[in-house]
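Now for the letters of each chain:
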Amino acid sequence: MSDFVTIDGILSYFENAVEKKEPVAPSTYLDGAAKLVILSGNLDDELIAAEMAYNRFKASLLETDGITVAKAEMRAEASNEYETLLHLRAKRKRIDAFIQVQKKRVDLKSWDQ
């Protein structure tokens, strides 16, 4: 639980619990969801920075003489910038899904038992 202070730590905790089939207390789910909501602002900032880095890279490719838009797009999608962007987008989707599941779990009457 000491890793419960970062997005990666929180997601890793729940991933390990699922893999080991360990029960997780409702209060732990709520705590994790609340922290993910708060920390997701940092992820959004990283996501914006990654998107801008990718766009700058793609723009620099388009400024190269003789390169077509299709070729620039293909090269850009093979870049580290694009890979980073995809990882951050996927992490954001996992956080959103976790929060949605948490909202559904709270409505279950049997959840507290």
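Figured I'd write up the structure that's included with this text. (Residues numbered from 1 in each chain as written. Predicted model: local features only at pLDDT ≥ 70, side-chain atom pairs only at ≥ 80, totals over all residues. Heavy atoms only, no water.)

On to the packing of aromatic side chains, then. Going through the model one piece at a time under the given rule, you end up with seven aromatic pairs. When the centroid spacing of 5.1 Å and the interplanar angle of 25 degrees are considered together, the rings of Phe 14 and Tyr 29 count as stacked. Linking Phe 14 in helix H1 (residues 7–19) with Tyr 29 in helix H2 (residues 26–62), this pair joins segments that are 15 residues apart in sequence. In this structure, Phe 14 and Tyr 29 share a single accessibility class: buried. We classify Phe 14 as buried; its relative accessible area is 7%. One aromatic cluster in this structure is built from Phe 4, Tyr 13, Phe 14, Tyr 29 and Phe 98. (Phe/Tyr/Trp six-rings, centres within 6.5 Å; stacked < 30°, edge-to-face > 60°. Helix = DSSP H or I, 4+ residues; strand = E, 2+ residues; numbered from the N terminus. Buried < 20%, exposed > 50% of the residue type's maximum accessible area, 1.4 Å probe, protein only.)

Among the secondary structure elements, Ser 40 is positioned in helix H2. In this structure Ser 40 touches Ile 7 and Arg 92, once residues within four positions along its chain are discounted. (Contact = heavy atoms within 4.5 Å.)

What follows deals with the environment of Ala 59. Within the secondary structure, Ala 59 sits in helix H2. Take Ala 59: its relative accessible area is 34%, and that puts it in the partly exposed class. For the pair formed by Ala 59 and Ala 72, sequence separation is 13 residues and the distance between their alpha carbons is 8.5 Å.

Moving on: the environment of Lys 58. Checked against the element boundaries, Lys 58 lands in helix H2. In this structure the C-alpha to C-alpha distance between Lys 58 and Glu 73, which are 15 residues apart in sequence, comes to 6.8 Å. Those residues in contact with Lys 58, other than ones at most four positions away along the chain, are Glu 73 and Ala 76.

This part takes up the pattern of salt bridges. Scanning the entire structure with this criterion turns up six salt bridges. One salt bridge connects Lys 91 with Asp 8, and the closest N-O pair in it is separated by 2.7 Å. With Lys 91 in helix H4 (residues 80–107) and Asp 8 in helix H1, this residue pair connects regions lying 83 residues apart in the sequence. Asp 8 gets classed as partly exposed once you look at its relative accessible area, which sits at 48%. In this structure, Lys 58 engages Glu 73 in a salt bridge whose closest nitrogen and oxygen atoms are separated by 3.5 Å. Within this pair, whereas Lys 58 is found in helix H2, its partner Glu 73 is found in helix H3 (residues 69–77), the two being separated by 15 residues in sequence. Through salt bridges with shared partners, a single ionic network connects Asp 44, Arg 92 and Asp 96. (Salt bridge = Lys/Arg side-chain N within 4 Å of Asp/Glu carboxyl O.)

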